[in-house]
Amino acid sequence: AQTVTQSQPEMSVQEAETVTLSCTYDTSESDYYLFWYKQPPSRQMILVIRQEAYKQQNATENRFSVNFQKAAKSFSLKISDSQLGDAAMYFCAYSNYGGSQGNLIFGKGTKLSVKP
Amino acid sequence: NAGVTQTPKFRILKIGQSMTLQCTQDMNHNYMYWYRQDPGMGLKLIYYSVGAGITDKGEVPNGYNVSRSTTEDFPLRLELAAPSQTSVYFCASSYSFGQGNSPLHFGNGTRLTVT
């Protein structure tokens, strides 16, 4: 069974600085997807960024980028120029490729605080 | 744009009571999902549906039932509420099955407390 581990329950960053959130996963599949979701106090789950395992290039979305290390099964999220609105819970998630799965496997989350 | 709408936002149930969590989406998505989020945890899949009339179990289906009579609606039924079902429930939808080319669109969640 696939698992997702986020080893940092809480992180803190100064506004305008850069922070990296860690995520490791375990799977025997070669093709899969990885995601970072943001959950602000409003509770809504917001997709931040996704990565296809077959792509070697790291995904980027504006101030958000990932460091995807397939061999190490590592998928970290880097937030550059942190803003107060980035404060939230961040969840790393895994999904098998194609066909049978709408089943996202989530980590336990990292609570990010942004200090002004 | 309404997206995925869940009602109610909050609910308190007594042990043994039943209730239905409502979910509707206006994006004409075939695929819909119910997740629960326990305190300090990520989401876990309860049930999902690939289209009207078709549903299947996810990782934690015990104590729940679903139906999908229309594309838009995917209600979740709790028949005999138990304290272990205290959680936040999220409904989601997607254009295709799986996440690759079709990210999930989430509702705002329903916080349920069973006492």
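Coordinates for the structure precede this section.
All of these numbers come straight from a predicted model, not from anything done at the bench.

(A) Quick peek at the interface of chain B and chain A. The interface is formed by 27 residues belonging to chain B together with 22 residues belonging to chain A. Put simply, chain B and chain A have 0 salt bridges between them. At the junction of chain B with chain A, the criterion picks out 6 residue pairs in polar contact (both at pLDDT 80 or more). Broken down by secondary-structure element, the contributors of at least two residues to the side of chain B that touches chain A are β4 (31-37), β5 (43-51), β9 (87-94) and β11 (110-114) of chain B. Class assignment of the residues belonging to the side of chain B that touches chain A gives a composition of 13 nonpolar, 12 polar and 2 charged.

(B) Just the sheet that holds strand β3 (residues 19-25) of chain B, in detail. Residue and element names in this part refer to chain B. Spatial ordering of the open sheet is given by β1-β3-β8-β7, a layout of 4 strands whose pairing is antiparallel. The sheet terminates laterally at β1 (4-7) and β7 (64-66), the two strands that pair on one side only. Strand-to-strand, the axes of this sheet are offset by a mean angle of 20°, without reference to chain direction.

(C) Just the packing of aromatic side chains, in detail. Residue and element names in this part refer to chain A. Scanning all chains against the criterion turns up 15 aromatic pairs over all chains. Seen in terms of ring centroids, Trp36 and Phe75 are 6.3 Å apart; in terms of plane orientation they differ by 20°. Their pairing is stacked. Of this pair, Trp36 sits in strand β5 (residues 32-39) while Phe75 sits in strand β9 (residues 74-79), placing them 39 residues apart in sequence. On the accessibility criterion, Phe75 (0% relative accessible area) is buried. Taking the centre distance of 6.2 Å and the plane angle of 85° together, the rings of Phe91 and Phe106 count as edge-to-face.

(D) Region of the structure containing the side chain of His29(B). All names here are of chain B. You can see His29 is positioned in the loop between β3 and β4. Reaching out from His29, the side chain makes a polar contact with the backbone nitrogen of Ser94 at a distance of 3.4 Å. The contact partners of His29, leaving out residues within four places of it in the chain, are Arg68, Thr71, Ser93, Ser94, Tyr95 and His105.

(E) Structural view of the nonpolar core. All names here are of chain A. Ranked by internal contacts, the top residues of the largest apolar core, which has 26 residues, are Tyr25, Trp36, Phe75, Leu77 and Tyr90. Secondary structure elements with two or more residues in this core: β3 (19-21), β5, β6 (46-52), β8 (64-69), β9, β10 (88-96) and β12 (110-115). Among the elements that make up this core, the one with the highest residue count is β10 (4 residues).

Basis of the calculations
- Residues numbered from 1 in each chain as written.
- Chains lettered and ligands numbered in written order.
- Predicted model: local features only at pLDDT ≥ 70, side-chain atom pairs only at ≥ 80, totals over all residues.
- Heavy atoms only, no water.
- Contact = heavy atoms within 4.5 Å.
- Salt bridge = Lys/Arg side-chain N within 4 Å of Asp/Glu carboxyl O.
- Polar contact = N/O pair within 3.5 Å; in protein donor to acceptor, adjacent residues only side chain to side chain.
- Helix = DSSP H or I, 4+ residues; strand = E, 2+ residues; numbered from the N terminus.
- Nonpolar A, V, L, I, M, F, W, Y, C, P; charged D, E, K, R; others polar.
- Pairing = 2+ DSSP bridges.
- Axes fitted to C-alpha atoms, helices over the stretch in contact; angles between N-to-C directions.
- Phe/Tyr/Trp six-rings, centres within 6.5 Å; stacked < 30°, edge-to-face > 60°.
- Buried < 20%, exposed > 50% of the residue type's maximum accessible area, 1.4 Å probe, protein only.
- Core = buried A, V, L, I, M, F, W, Y, C linked by side-chain atoms within 4.5 Å.

Honestly, it's all geometry; don't read function into it.
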